[in-house]
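Each chain, written out:
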Amino acid sequence: ICQQEKILHLDIKPENIFQDEKGHYKLGDFGSAMFSDRNSKSVHRRGTPLYMSPEMSQEQSCIDSRADLYALGLVMYELLNAQLPPFVEPNGKAVSVEMEQEAIKKRMAGAELPMPRQGKVDLGRVVLKACAFDVNKRFDNAETMLEALNDLNDATQKYEEQLEAYQPSNDS
């Protein structure tokens, strides 16, 4: 809906994603939001650094909906990475501010994100594409990202159907 209405949320993070009683997810806290048809030069360091896209952090003049897709990709990354952001290794302790800051520095310097630790490789690839450092290597819009996720879901369902149809022979 944000993209259809030309709204940039600019602060997508787990705390701003809510689930309603029907299981639908919704975004909240539009305090950093702006209309994308306005001058994007007014975007400077809005949002939460842990989920901020490189172009927002570097205060580039061309901010579009792909900045929100980047942040959503980072949320998904954490879901597939034991609740840890990229470049933070599990150590059995709480993530410190210093660890987060070092991870942010690596991301903002363009270090390639490692594959998330959990989930299927194809899902990890979708997440990494959403989190590409180069804005032109990300999904063009929310629809193409959703399409990629739906394609993965369809492929998984077909595979599971094939497995269910397979009946091993009891012959020894």
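In case you missed it, the structure is sitting above this.
Model, not experiment: these values are computed from the prediction.

Procedures and definitions
- Residues numbered from 1 in each chain as written.
- Predicted model: local features only at pLDDT ≥ 70, side-chain atom pairs only at ≥ 80, totals over all residues.
- Heavy atoms only, no water.
- Core = buried A, V, L, I, M, F, W, Y, C linked by side-chain atoms within 4.5 Å.
- Buried < 20%, exposed > 50% of the residue type's maximum accessible area, 1.4 Å probe, protein only.
- Helix = DSSP H or I, 4+ residues; strand = E, 2+ residues; numbered from the N terminus.
- Contact = heavy atoms within 4.5 Å.
- Salt bridge = Lys/Arg side-chain N within 4 Å of Asp/Glu carboxyl O.
- Phe/Tyr/Trp six-rings, centres within 6.5 Å; stacked < 30°, edge-to-face > 60°.
- Lys NZ or Arg CZ within 6 Å of the ring centre and 35° of its normal.

(A) Examining the nonpolar core more closely. One finds Tyr-51, Leu-74, Val-127, Cys-131, Phe-139 and Met-145 to be the most contacted residues of the largest nonpolar core, which totals 22 residues. Elements with a minimum of two residues in this core: helix H2 (65-79), helix H3 (97-108), helix H4 (121-130) and helix H5 (142-165). Counting residues per element, this core draws most heavily on H2, at seven residues. Those residues in contact with Leu-74, other than ones at most four positions away along the chain, are Leu-50, Tyr-51, Pro-86, Arg-107, Leu-113 and Cys-131. In this structure, Leu-8, Met-52, Met-56 and Ile-63 belong to the second largest nonpolar core, which totals seven residues.

(B) Spotlight on the pattern of salt bridges. With the rule as written, the count across this model stands at six salt bridges. A salt bridge links Asp-11 to Lys-13; its shortest N-O distance comes to 3.7 Å. Residue Lys-26 pairs with Asp-20 through a salt bridge whose shortest N-O separation is 3.9 Å. The class for Lys-26 is partly exposed, based on a relative accessible area of 46%.

(C) Structural view of the packing of aromatic side chains. Considering all chains together, one arrives at zero aromatic pairs under this definition. Between Lys-129 and the ring centre of Phe-139, over which it is positioned, the NZ or CZ distance is 5.3 Å.

(D) Region of interest: the environment of Leu-128. By the element assignment, Leu-128 lies in helix H4. Residue Leu-128 is classed as partly exposed on the basis of its relative accessible area, which comes to 22%. Once the C-alpha coordinates of Leu-128 and Glu-112 are considered, the two residues, 16 residues apart in sequence, prove to be 9.0 Å apart. Residues contacting Leu-128, with those up to four places away along its chain left out, are Tyr-77, Leu-113, Pro-114, Met-115 and Pro-116.

(E) Inspection of the environment of Leu-113 at higher detail. Tracing the backbone shows Leu-113 in the loop between H3 and H4. For Leu-113, a relative accessible area of 12% puts it in the buried group. Considered as a pair, Leu-113 and Phe-133 are 20 residues apart in the sequence and their alpha carbons are 8.9 Å apart.

Just distances and angles here, no functional claims.
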